[in-house]
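Tertiary structure, described
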Amino acid sequence: MLKDIEQLISLAKRRGFIFPGSEIYGGLANSWDYGPLGVELKNNIKQAWWRMFVQQRGDMVGIDAALIMNPKVWEASGHLKNFTDPLVECKKCHTRFRVDQISENHAKECGGTLTEAKMFNMMLKTHLGPVEDEASVVYFRPETAQAMFVDFKSVLNATRQRIPVGIAQIGKAFRNEITPGNYIFRTREFEQMEIEYFISPSAKGGWEEQFDYWLEQMKNWMKFLGLKSEHIHFREIPDGERAHYSKRTIDIDYDFPFGTKELYGIAYRADFDLKNHQEFSKEDMNYTDPTTNEKFIPHVIEPTFGVDRSVLAVLVEHYDEEDAPTAEKGETEKRVVLRLPKYLAPIKIAVLPLSKKPELEGISKSIADELRKHFTVNYDETQSIGKRYRRQDEIGTPYCTTVDFDSLDDKKVTVRERDSMKQERITISELTSYFIDKFNS
Ligand code: ATP
């Protein structure tokens, strides 16, 4: 597990997971770009989530809604009034802090006194259309959740799904955070994966049973990401501290290198959202159960997952350093290895010709092209083979395939496994099925 976030920031930049945003212009505070490996890792996480929570279930459907919604949505949801954080400002250096995130360093380094807390709305505002007046003000969505409520009736009409049913969405959200930071942990532009699961208020077992069920599903997901249970903590949010809509919330915290902080959350939102949208839109949000004829506004359990925090937790969890033997007998050197679960690894297989000689290039490239039909492949012919192995270890590539001069005669290559570093000779014509087996096991 990673102890120092700076090590990850440097590896991620060097290898192409995550770059500082707009870097050639001096950057933009707390904005980050996912590079070639980062986008693969992030997509693997999002696709796995979509498969697990949408495609593999009969009671879930997905949507992909517009980022900018009618401003009335945010009036109805309570965000315009309540989506605020208490902000204080240092009277001396004018740095602004969220009250629960005042930096300890600030007291030591500046020592200035702080103003009284003011409430600050975190929605990111812009204007739609050419005229910048009050009538054109719109907001970037601060969560993906509201579209699931706004589209609820359309989804049910279109799919003929019955309650209980869930609607899921993956997409960007924007918050004008007062204190962004800790790398990609808290940014002003981020991605969420959210589920709104609609139930009857008189469901057998009550909402409590559904809440427990979804908490279990979230645990399964974290297991799938390979996050160890001892690094995960469940925090029941007491009365008075929950968001304005929630009757019960559990925050799921993870041991990040900069402290134990929120990774995901689950909330029981009751009928708060649909009821308010009914009131503000005048659209009837009732549902009539076709078997019992019971008419009700559905209640909602909301499991919510941050995409960027998932990426960060996965990188932190699987980062490892060990002493590994070098080519010279008896000597060891530090090996950095990302022990990513195979299905999350951005590059599945590296193809490494032992030398740049043209005899090896042809056969190596054709092996790489063949494997690319099924897997993400990295072809690398620069530097010593030892260095190339280390480079693949650092980015979590589960297998390296080395093509040497013997390959020309025996039509075999050496496959090296990342974690054990064990090597075996595999016949080239059987390579694809060998890897298909490995990745399916
Ligand atoms: P926090 O207390 O850290 O501000 P929150 O409780 O406001 O988070 P939610 O509104 O529950 O967060 O958002 C759901 C999820 O979205 C969070 O669990 C987190 O994974 C992610 N998330 C929220 N805010 C950010 C952000 N600024 N940057 C990155 N991810 C975020």
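Quantities reported herein were computed from a predicted structural model and do not represent experimental measurements. (Residues numbered from 1 in each chain as written. Predicted model: local features only at pLDDT ≥ 70, side-chain atom pairs only at ≥ 80, totals over all residues.)

Time to look at the overall build of the chain. Summing up its helical and strand segments, the chain has 14 helices and 23 strands in all. Taken along the three principal axes of its C-alpha coordinates, the chain extends 75 × 65 × 50 Å. Within the chain, buried positions represent 32% of all 441 residues. Intrachain contacts of the chain at a sequence separation of at least 6 include 63% that bridge at least 24 residues. (Helix = DSSP H or I, 4+ residues; strand = E, 2+ residues; numbered from the N terminus. Buried ≥ 20, exposed ≤ 12 C-beta atoms within 10 Å, placed from the backbone. Contact = placed C-beta atoms within 7 Å.)

On to the site of the ligand, then. Neighbouring the ligand are 15 residues; Phe-190, Gly-265, Thr-304, Gly-306 and Arg-309 lie closest to it. The element contributing the most residues to the shell around the ligand is strand β13 (residues 259-270), with four residues. For the shell around the ligand, the class distribution of residues is three nonpolar, five polar and seven charged. (Near = placed C-beta within 6 Å. Nonpolar A, V, L, I, M, F, W, Y, C, P; charged D, E, K, R; others polar.)

Val-311, Leu-312 and Val-351 are the most contacted members of the largest nonpolar core, which has 81 residues in total. In terms of residue count, helix α10 (residues 307-318) provides more of this core than any other element does, seven residues in total. Among the domains, domain 1 (5-69 + 140-315) and domain 2 (347-440) are the pair contributing at least three residues each to this core. Beyond its immediate stretch of four places on either side in the chain, Leu-312 contacts Tyr-183, Ile-184, Phe-185 and Phe-256. (Core = buried A, V, L, I, M, F, W, Y, C linked by C-beta atoms within 7 Å. Domains from an automatic or database assignment.)

Within a sheet, neighbouring strands are paired by backbone hydrogen bonds and run either parallel or antiparallel to one another. The antiparallel open sheet is built from three strands, whose spatial order is β5-β4-β6. Each having just a single partner strand, β5 (96-98) and β6 (118-121) make up the two edges of the open sheet. Strand-to-strand twist of the sheet, defined as the mean angle between neighbouring strand axes without regard to direction, takes the value 45 degrees. Here strand β4 (residues 84-89) runs beside β5; their pairing, made up of three bridges, is antiparallel. Residue pairing in the sheet places Glu-89 in a bridge with Arg-96 of β5. (Pairing = 2+ DSSP bridges. Axes fitted to C-alpha atoms, helices over the stretch in contact; angles between N-to-C directions.)

Our next topic: the packing of helix α2 (residues 36-55) against α10. It is the contact of α2 with α10, at a shortest axis distance of 10 Å, that shows an interaxial angle of 115 degrees. Judged by the inter-axis angle, α2 sits roughly perpendicular to α10. Viewed along their axes, α2 and α10 form a crossing whose handedness is right-handed. Contacts between α2 and α10 involve Leu-41, Lys-42, Ile-45 and Lys-46 on the former and, on the latter, Val-307, Ser-310, Val-311 and Val-314. Class assignment of the residues belonging to the contact of α2 with α10 gives a composition of five nonpolar, one polar and two charged. (Parallel < 35°, antiparallel > 145°, perpendicular 65-115°, else oblique. Left-handed = near helix turned anticlockwise from the far one by under 90°.)

Moving on, we get to the environment of Arg-235. Locating Arg-235 in the fold gives a position in strand β11 (residues 232-236). Taking the C-alpha atoms as reference, Arg-235 lies 7.3 Å from Asp-253; in sequence the two are 18 residues apart.

In terms of domain boundaries, the chain breaks down into domain 1 (5-69 + 140-315) and domain 2 (347-440). Measuring from the centre of the C-alpha atoms in domain 1 to the corresponding centre in domain 2 gives 38 Å.

With that settled, the discussion passes to the sheet that holds strand β21 (residues 399-403). Spatially, five strands are ordered β20-β19-β21-β22-β23 in an open sheet, and the strand pairing comes out mixed. Taken across any chain shown, the strands that pair with only one partner, and hence form the sheet edges, are β20 (377-379) and β23 (423-427). Between one strand and the next, the sheet's axes are offset by a mean angle of 25 degrees, whatever the strand orientation. Note: β21 against strand β22 (residues 412-417), four bridges, orientation antiparallel. In the strand pairing of β22, Tyr-399 is matched with Glu-417. On top of the sheet, helix α11 (residues 358-372) reaches β19 (349-353), β20, β21 and β22; it is set at about 170 degrees to β19, its chief contact.

In this model, helix α8 (residues 206-224) (19 residues) spans 28 Å end to end at C-alpha, consistent with the 27 Å of a helix rising 1.5 Å per residue. Within the sequence span of α8, burial applies to Trp-207, Gln-210, Phe-211, Met-218, Trp-221 and Met-222. Considered in projection along α8, the buried side chains sweep an arc of 125 degrees and stay on one side of the axis. With respect to the buried face of α8, the exposed residues turned more than 90 degrees away are Glu-208, Asp-212, Tyr-213, Glu-216, Asn-220 and Lys-223. (Expected span 1.5 Å × (residues − 1). Arc of directions from axis to C-beta.)

Sheet topology note: the strand β12 (residues 248-256)/β13 ladder contains nine bridges and is antiparallel. Within β13, the residue paired with Asp-253 across the bridge is Glu-262. The loop that links β12 with its antiparallel partner β13 comprises two residues. Here β13 pairs with strand β16 (residues 299-306) via six bridges, running antiparallel. The residue of β16 that forms the bridge with Tyr-264 is Phe-305.

Cis peptide bonds are those with omega within 30 degrees of zero, and the linkage from Ile-163 to Pro-164 qualifies with 10 degrees. For Pro-164, the position within the fold is in the loop between α7 (152-159) and β9 (165-174). Of note, the phi angle at His-94 is positive, near 65 degrees, even though the residue is not glycine. Secondary-structure assignment places His-94 in the loop between β4 and β5. At Arg-160, a position not held by glycine, the phi torsion is positive, near 55 degrees. Within the fold, Arg-160 resides in the loop between α7 and β9. With 7 C-beta atoms counted inside 10 Å, the residue Arg-160 sits in the exposed group.

Turning our eyes to something else, we now look at the environment of Asp-33. Within the secondary structure, Asp-33 sits in strand β2 (residues 32-34). Exposure remark for Asp-33: the 12 C-beta atoms within 10 Å place this residue in the exposed category. As a C-alpha pair, Asp-33 and Ser-22 span 11 residues in sequence and 8.2 Å in three-dimensional space. Beyond its immediate stretch of four places on either side in the chain, Asp-33 contacts Phe-19 and Gly-21.

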